[in-house]
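# Inside the fold
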Amino acid sequence: MVSVFWFRRDLRIKDHPALFQALASGDEILLVATADTLGARFSELSTIRQNSLRASWRELKKSLSGKLTILESPKDLVALAQSMGIRSVYVSSAFDSQGFKELAAIERDLQSSETKLIRGEGNYAVSPGRVRKSDGTPYRVYTPFFNEWVKLDPGTPIPEGNLSAAMPEVESSFNARLELSVGILAGEEYALKTLERFLDSRVDAYADMRNRADVGGTSHLSHALSHGEIHPRTILSRLGNGSGESVFRKEIAWREFYADVMWHNPETLTDYLNPKFAEMKYDFDEQIFAKWCSGQTGYPMVDAGMRQLLQDGWMHNRVRMIVASFLVKDLHFEWQHGAKWFEQNLTDFDPASNSHGWQWTAGCGTDASPYYRVFNPVMQGLKFDPNGDYVRKYIPELSHLTGANAHEPWEDPHGYSKGYPKRIVDHAEERNESLRRLEAIKTA
DNA sequence: TTTTGAGTTGTTCGA
DNA sequence: GTCGAACAACTCAAA
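Numbers given for residues are sequential positions, taken from 1 along each chain in its written order. Here chains are named by letter from A upward and ligands by number from 1 upward, in the order in which they appear as written. Residue-level local features of this predicted model are given only where pLDDT is at least 70; pairs of side-chain atoms are given and counted only at 80 or more, and the full residue set underlies all totals for whole chains, interfaces and linings.

## Some details on the protein's contact with DNA strand B
Worth spelling out the cut-off: A molecule or strand has a residue near it when that residue's C-beta atom, placed from backbone coordinates, lies within 6 Å of it. Only DSSP runs of H or I reaching four residues or more are called helices, and only runs of E reaching two or more are called strands; each is numbered from the N terminus. Gly is put with the polar residues, along with every residue not named as nonpolar or charged; the nonpolar set is Ala, Val, Leu, Ile, Met, Phe, Trp, Tyr, Cys and Pro, and the charged set is Asp, Glu, Lys and Arg.
Around DNA strand B, 16 residues are found, and the nearest of them are Tyr142, Thr143, Trp254, Arg373 and Asn376. Elements with a contribution of two residues or more to the surface near DNA strand B: α5 (142-149), α16 (377-384) and α18 (427-440). Here the surface near DNA strand B is built from residues that sort into 10 nonpolar, three polar and three charged.

Following this line, the structure appears as structure tokens:
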């Protein structure tokens, strides 16, 4: 009999419970990935994000001796199952609302060919839904969630499955054009190397340096986690109790907390967790939005972040909060506009972390930022890019300004001489406007 | 059962 | 220039 293993957000072969289960089933296993499974449709993603996915497939295919078939959409998988008389489709469980809706739909479609969908263990150290309060309800605040989460044993990494059961690839009309990803570093081996490099050189300073936009102080594992090139359990198994390691463990736990929140509140992928915020007054303007997207707001720290996203398909975590706060609190846009842009452009896009990160900033999420906490983009720049190096790296129009002066071009008589745009709004005014709008939805 | 204090990521204002 | 206070409402756990 022939069965399929369906790769989605789990593009690895080590510590892979669902793949192990498929390979141990006794069936011949056809290995399949589908392009439209990491958020928006593949064709709607930025070029850089498409190529990032191609790079991950390329490396996965290499580690599978070429035995990987890449299809365009899950519908193609259903058609394949029908034409080949596939017995079962094995897959990792999905917990985000996009993912589990997709699996449910495929499970239904596969019934026409009497093919079963078999869900294995997913890509979390502690699967969403497992951590509960003593009364059985889920947590809505991070710290108590973490205190319970950290007590649970994620188990030890499992061995690699026996790939001798894998079948050769089959013809696919979808051309993933993997050659376009040449030069992009990705894949499981690279993820494990990234982890080792982080543990060897940066984790000790992580607590202090992770917020510095001008320093590569973060783990750089978000892409690998997003594509499932590494299992979080593998990461946790390598962490001790140093201060940097403890702070980093908490970051892993944030990913799991947001996945848990989304599992219990699937509509919050696009809806307000706090429904009161749906009643607030918002603005929207295409041209203003285009300026935010392209990094032309006139606030250097915001623009540097947005240009980093376009150039690298990645943005420093601290800067994500700054640009998000600017869109939501200074421009008064609904957070969903920004979340969508991030989805299209971030190579490390994760549905739960993205939606709930945005909701936290907007003040409508779990453990929400207090309403009065509005980021000042200039002050944030001076604090987390004190020498202006980050800003100058992404904004050539500020290259003539030295040190921290790059954060305040309006203070320099030649600040705008290289064409940097003037500020599109006045931060102090818009901060007050934002507080007024929040005041209006306060419960009496 | 009720109360109390703390809770990822901040800024402004007045002394 | 530095420093403390003030800026909601709600969730959760411990007292």
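That covers the picture; the talk isn't over yet.
## What about the environment of Tyr139?
Tracing the sequence through the fold places Tyr139 in the loop between β5 (116-120) and α5. Residues Tyr139 and Val261, 122 residues apart in the sequence, show an inter-C-alpha distance of 7.8 Å.

## Topic: the nonpolar core
For clarity, the threshold we go by: A set of buried residues qualifies as a nonpolar core if it consists of Ala, Val, Leu, Ile, Met, Phe, Trp, Tyr and Cys joined through C-beta atoms within 7 Å. Once C-beta atoms are placed from the backbone, each residue is buried if 20 or more other C-beta atoms lie within 10 Å of its own, exposed if 12 or fewer, and partly exposed for counts between those two. Residue pairs qualify as contacts under a 7 Å threshold applied to their C-beta atoms, which are placed from the backbone.
Counting 65 residues, the largest nonpolar core has Val4, Phe5, Trp6 and Val32 as its most contacted members. Among the elements that take part in this core, helix α10 (residues 243-264) stands out by supplying nine residues, more than any other. Those residues in contact with Val4 that sit more than four places away from it in its chain are Leu30, Val32, Ala81, Ile86, Val89 and Tyr90. In this structure, Tyr272, Phe375, Leu398 and Ala406 belong to the second largest nonpolar core, which totals 40 residues.

## Some remarks on the domain arrangement of chain A
Worth spelling out the cut-off: Segment limits for the domains were obtained from an automatic or database-derived domain assignment.
Domains assigned within chain A are domain 1 (1-123), domain 2 (124-155 + 188-264) and domain 3 (275-440). Here domain 1 and domain 2 have C-alpha centroids that lie 25 Å from each other. The element best represented in the side of domain 1 that touches domain 2 is helix α2 (residues 47-63), accounting for four residues. The residue makeup of the side of domain 1 that touches domain 2, split by class, is three nonpolar, six polar and seven charged.

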